[in-house]
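Structural overview
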Protein chains: 2
Amino acid sequence: MKLTIDRPFALDTRLQADTHLLGDFALSRVLLMNDARFPWLILVPRQPDLRELGDLLATDRHLLLDEISRADEALQKLHAPHKLNIAALGNVVEQLHVHVIARDPQDAAWPRPVWGVGNAQAYAGEDLGERIATLRAALDLHA
Amino acid sequence: MKLTIDRPFALDTRLQADTHLLGDFALSRVLLMNDARFPWLILVPRQPDLRELGDLLATDRHLLLDEISRADEALQKLHAPHKLNIAALGNVVEQLHVHVIARDPQDAAWPRPVWGVGNAQAYAGEDLGERIATLRAALDLHA
């Protein structure tokens, strides 16, 4: 018998420090990476103790994919990027989270992946509010 | 009216050059990246002209996720990795393809993503046949 203690979802402290909250989809918390170099969203399924996709029930995996597609479509609509990068890595932050990033040949990392390239450029205060409002509208999210 | 010409699926020539064929799932071609440093599978949905996840019908996106989960489970079973990395990038090879990679703190790139780190180490001929046979069995694939 496996004893489990129900624990609430808690966002990893590093994800919290590196992002701004956009809102919640049915399954996932939606975050804006605080790096103005790339249009970069992060989805975090709001269930405790998730590390791998396989830790989600199959129905929730499908829901996560639908939510990735919503994030994908919002970035397409706002940025018409050359390419989208979608990834669940988790080598540093182990809590299951999915990156959805709009990429262009002019960006700071192209054609490499964005992780570990240069230093993040935090959004300037005056840009941040507008950026968040625009993304919330495109994602149909309300804080 | 949009005129379309039906074209068959054709694997991108660079993906073909960098991998060995493991077989086909219902939707995806399953490839082994020819880099013995990492247990590294690539899934390529066998439909023409796909670039983004959003180019797939929603039902096929779910099927792709189920196939990613099968690849994920096979690598878990064979390698019990510390972490799986799953990613659809496509900055270099634009044909939609999904990486499923078993990662460990002792591997050649940890904790960085694998792309662009060092040089691929091709499987030695004598190891390759056994590696392919083991993976096909774990993936329930037949060439």
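Here the structure is a predicted model, which is why all the values come from computation and not from measurement. (Residues numbered from 1 in each chain as written. Chains lettered and ligands numbered in written order. Predicted model: local features only at pLDDT ≥ 70, side-chain atom pairs only at ≥ 80, totals over all residues. Heavy atoms only, no water.)

For the rest of this paragraph, the subject is the pairing of strand β2 (residues 28-33) of chain A. On a regular strand, each side chain points to the face opposite its neighbour's, so the side chains alternate between the two faces of the sheet. All names here are of chain A. With five of its six residues buried, β2 lies for the most part within the structure. In the sheet, strand β1 (residues 19-24) pairs with β2 via five bridges, with the strands oriented antiparallel. From the neighbouring strand, G23 faces β2, where its bridge partner is V30. Linkage of β1 to β2, two consecutive antiparallel strands, is achieved through a turn of three residues. Judged from the five bridges that link them, β2 and strand β3 (residues 40-45) form a sheet pairing that is antiparallel. The residue of β3 that forms the bridge with V30 is L43. (Buried < 20%, exposed > 50% of the residue type's maximum accessible area, 1.4 Å probe, protein only. Helix = DSSP H or I, 4+ residues; strand = E, 2+ residues; numbered from the N terminus. Pairing = 2+ DSSP bridges.)

On to the packing of helix α2 (residues 58-79) of chain A against helix α3 (residues 125-139) of chain A. Residue and element names in this part refer to chain A. Between α2 and α3, the shortest axis-to-axis distance is 9 Å and the interhelical angle comes to 120°. Classified by the angle between their axes, α2 and α3 sit oblique to one another. Judged by the sense of rotation from one axis to the other, the crossing of α2 with α3 is right-handed. Residues R70, A71, A74, L75, K77, L78 and H79 of α2 form the contact with α3, whose participating residues are R131, T134, L135, A138 and L139. The class makeup of the residues in the contact of α2 with α3 is seven nonpolar, two polar and three charged. (Axes fitted to C-alpha atoms, helices over the stretch in contact; angles between N-to-C directions. Parallel < 35°, antiparallel > 145°, perpendicular 65-115°, else oblique. Left-handed = near helix turned anticlockwise from the far one by under 90°. Contact = heavy atoms within 4.5 Å. Nonpolar A, V, L, I, M, F, W, Y, C, P; charged D, E, K, R; others polar.)

Here we come to the interface of chain A and chain B. Taken together, the contact between chain A and chain B spans 30 residues of the former and 30 residues of the latter. For the chain A and chain B pair, buried surface summed over both sides reaches about 2,800 Å², with 50% attributable to carbon and sulfur atoms. Run the count over chain A and chain B and you get two salt bridges. The salt bridge involving K83 of chain B is made with E52 of chain A; its shortest N-O contact spans 3.1 Å. For the pair chain A and chain B, the number of links is 24 residue pairs in polar contact (both at pLDDT 80 or more). Sort the elements by how many residues they give to the side of chain A that touches chain B and α2 of chain A lands first, with eight residues. (Buried area = accessible area lost by both parts, 1.4 Å probe. Salt bridge = Lys/Arg side-chain N within 4 Å of Asp/Glu carboxyl O. Polar contact = N/O pair within 3.5 Å; in protein donor to acceptor, adjacent residues only side chain to side chain.)

Within the open sheet, the 10 strands sit side by side as β1(A)-β2(A)-β3(A)-β5(A)-β4(A)-β4(B)-β5(B)-β3(B)-β2(B)-β1(B). Their pairing is antiparallel. The open sheet has two free edges, formed respectively by β1 of chain A together with β1 (19-24) of chain B, since each of these has just one partner strand. The average undirected angle you get between the axes of adjacent strands in this sheet is 20°. Sheet strands touched by α3 of chain A: β1, β2 and β3 of chain A. Its angle to β1 of chain A, the strand with the most contacts, is close to 30°. Along the sheet, helix α2 (residues 58-79) of chain B contacts β2 (28-33), β3 (40-45), β4 (83-88) and β5 (98-103) of chain B; its crossing angle with β5 of chain B, the most-contacted strand, is approximately 20°.

Counting residues in hydrophobic clusters, the biggest one holds 60 residues, and the most contacted among them are L139 of chain A together with L139 of chain B. What L139 of chain B contacts, discounting residues up to four positions off in sequence, is L22, F25, V30, L41, R70, A71 and A74 of chain B. Core analysis: the next-biggest nonpolar cluster, separate from the first, contains 34 residues, L15 and V117 of chain A together with I42 and W115 of chain B among them. (Core = buried A, V, L, I, M, F, W, Y, C linked by side-chain atoms within 4.5 Å.)

For the pair chain A and chain B, the relating rotation is 180°, the translation along its axis is 0.0 Å, and the fit reaches an RMSD of 0.0 Å. In symmetry terms, the pair is related by a two-fold rotation axis. Minimal C-alpha separation from the rotation axis in chain A is found for A87 of chain A, amounting to 2.0 Å. Both copies present the same face, since 100% of the interface residues in chain A are matched by interface residues at the equivalent positions in chain B. (Least-squares fit on C-alpha atoms with pLDDT ≥ 70 in both.)

Below, the discussion takes up α2 of chain B. Under the 1.5 Å per step criterion, the end-to-end length of α2 of chain B is 31 Å for 22 residues, consistent within 8% with the ideal 32 Å. Turning to α2 of chain B, its buried residues are D60, R61, H62, L64, L65, E67, I68, S69, A71, D72, A74 and L75 of chain B. In this fold, the buried residues of α2 of chain B make contact with α2 of chain A together with β2, β3, β4, β5 and α3 (125-139) of chain B. (Expected span 1.5 Å × (residues − 1).)

Under the criterion given, the structure shown has one cavity of 30 Å³ or more. Taken as a whole, the largest cavity holds about 200 Å³ of empty space. I68 and I86 of chain A together with L65, I68 and I86 of chain B are, among the 18 residues lining the largest cavity, the residues nearest its centre. Where the lining of the largest cavity is concerned, the elements lending two or more residues are α2 and β4 (83-88) of chain A together with α2 and β4 of chain B. Residue composition of the lining of the largest cavity, grouped by class: 16 nonpolar, no polar and two charged. (1 Å grid on protein atoms, 1.4 Å probe; cavity = no way out; pocket = protein on both sides within 12 Å on 5 of 7 lines; lining within 4 Å. Points joined across faces, edges and corners; volume = space filled by probe spheres on them.)

Residues and elements named next belong to chain A. Under the counting rule described, the total for this entry stands at two aromatic pairs over all chains. Here F38 and W40 contribute two aromatic rings whose centre-to-centre distance is 6.0 Å and whose plane-to-plane angle is 70°, an arrangement assigned as edge-to-face. A residue is classified by how much of its surface remains accessible, and F38, at 0% relative accessible area, is buried. A relative accessible area of 5% places W40 in the buried class. (Phe/Tyr/Trp six-rings, centres within 6.5 Å; stacked < 30°, edge-to-face > 60°.)

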